[in-house]
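Architecture and fold: a report
If you want the building blocks of each chain, they are given just below.
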Amino acid sequence: MVIETVLADDEPLARRKLRELLSRDPEVIVVGEASSGSEAVHLVRQASPQVLFLDVRMPGKDAFEVIDQISAEKKQAMPRVIITTAYDQYALRAFEIHAADYLLKPFTAERLYSAVQRVRDQLSLQQPMAGDSLAHKTDGNEHLTRVVFKSRGRILFLRVSEIRWISAEENYIRINTGTESHLLRETMSSMEARLDPQAFLRIHRSAIVNLQYLKEIRTDAHGDFAAVMLNGQKVAMSRGYHSRVRDLLGDWSVRGSRTLNGSQPHSIEQL
């Protein structure tokens, strides 16, 4: 698969390094280089590349102004955009415009090739172009699909489907996956409002669970509720929220009569 690419960066040395690294991939062809935002727009119009490596801070137009201008042109195909920058504060905005990746300078060859492979996978699946959604105003009903944040010196783009449960810790939330946990400065209410209610359920003022990973609901001898995840982890469920679970699961007259997430029935305690 040939991947035609445009490099946009106002620093000649940065373009040179990027060009040299990309030259090691025989499928990547650099069809043009731009040193300003206006030149980047012109090159995309002229060459219609599949990928645009785009520095954030450039003369004339910054990266997001470039993307806005290209995406506003209905006849112009929007390339996949890989943001390259020395600043991490633009990661959230890059996520919002559906950038394919976000490379923090100085990046390694391995990190660059990982970004290229991500784009290659997208192209092979013919997924929607990065930035296509900019042409359509959101109606406020779109649910979060990825969470972007900085953790241990990395910019992570975590798929929401990988989250197993979320817990509250004072002014932060902790996102738990199968192998890691990440602390974010966010509120539970804000996160809950952006998650798909068909996939995530708040079971406590301090806990939200992904129904895909929920195995069963248990009650102990004292009548306290707990959600048990597929890996055996127990997450406390408060009495104030258990009615929401009943609404979701229905009236349980027969133990284990329905599944939680479309899998084989698990053992479900009568609520």
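These notes cover the structure that comes with them.

**Regarding the nonpolar core**
Leu54, Ile83, Val147, Ile166 and Ile175 are the most contacted members of the largest nonpolar core, which totals 44 residues. Among the elements that take part in this core, helix α3 (residues 63-72) stands out by supplying five residues, more than any other. Beyond its immediate stretch of four places on either side in the chain, Ile83 contacts Leu54, Val56, Ala63, Ala94, Ala99, Asp101, Tyr102 and Leu103. Among the nonpolar cores identified, the runner-up in size contains 18 residues, and Ile3, Leu22, Ala115 and Leu123 belong to it.

**A few points about the sheet that holds strand β10 (residues 181-184)**
In a beta sheet, neighbouring strands are held together by backbone hydrogen bonds and run either parallel or antiparallel to one another. Overall, antiparallel pairing links the five strands, which are arranged β10-β9-β8-β12-β11 in an open sheet. Taken across any chain shown, the strands that pair with only one partner, and hence form the sheet edges, are β10 and β11 (200-204). Neighbour to neighbour, the strand axes of the sheet diverge by 25° on average, direction disregarded. Two elements, strand β8 (residues 165-169) and strand β12 (residues 207-210), share three bridges in a ladder whose sense is antiparallel. Residue pairing across strands places Ile166 opposite Ile208, the latter belonging to β12.

**As for the pattern of salt bridges**
With the rule as written, the count across this model stands at 15 salt bridges. Notably, a salt bridge pairs Glu169 with Arg174, separated by 2.6 Å at the nearest N-O pair. With a relative accessible area of 31%, Glu169 lands in the partly exposed category. On the basis of relative accessible area, Arg174 is assigned to the partly exposed category, the value being 22%. Because the salt bridges share partners, they merge into one network encompassing Asp9, Asp55 and Lys105.

**Concerning unusual backbone geometry**
Outside of glycine, negative phi angles account for most residues, and trans bonds account for most peptide bonds. Omega for the bond connecting Lys105 with Pro106 falls within 30 degrees of zero, at -5°, which places this linkage in the cis form. Within the fold, Pro106 resides in the loop between β5 (101-104) and α5 (109-125). One non-glycine residue, His98, lies in the positive phi region at around 65°. You can see His98 is positioned in the loop between α4 (91-96) and β5.

**A few points about the sheet that holds β5**
Pairing is parallel in the open sheet, where five strands are placed in the order β2-β1-β3-β4-β5. The outermost strands of the open sheet, each flanked by one partner alone, are β2 (28-34) and β5. Ignoring strand direction, the axes of neighbouring strands in this sheet form an average angle of 20°. Pairing geometry for strand β1 (residues 3-8) and strand β3 (residues 51-55), over four bridges, is parallel. For Val6, the partnering residue across the bridge sits in β3 and is Leu52. Taken strand by strand, helix α2 (residues 37-47) contacts β1, β2 and β3, and its axis lies near 135° from that of β2. Contacts from α3 reach β3 and β4 (80-85) within the one sheet, and its direction differs from that of β3 by about 145°.

Definitions and cut-offs
Residues numbered from 1 in each chain as written. Predicted model: local features only at pLDDT ≥ 70, side-chain atom pairs only at ≥ 80, totals over all residues. Heavy atoms only, no water. Core = buried A, V, L, I, M, F, W, Y, C linked by side-chain atoms within 4.5 Å. Buried < 20%, exposed > 50% of the residue type's maximum accessible area, 1.4 Å probe, protein only. Helix = DSSP H or I, 4+ residues; strand = E, 2+ residues; numbered from the N terminus. Contact = heavy atoms within 4.5 Å. Pairing = 2+ DSSP bridges. Axes fitted to C-alpha atoms, helices over the stretch in contact; angles between N-to-C directions. Salt bridge = Lys/Arg side-chain N within 4 Å of Asp/Glu carboxyl O.

Limitation: the analysis is restricted to geometry and does not speak to function.
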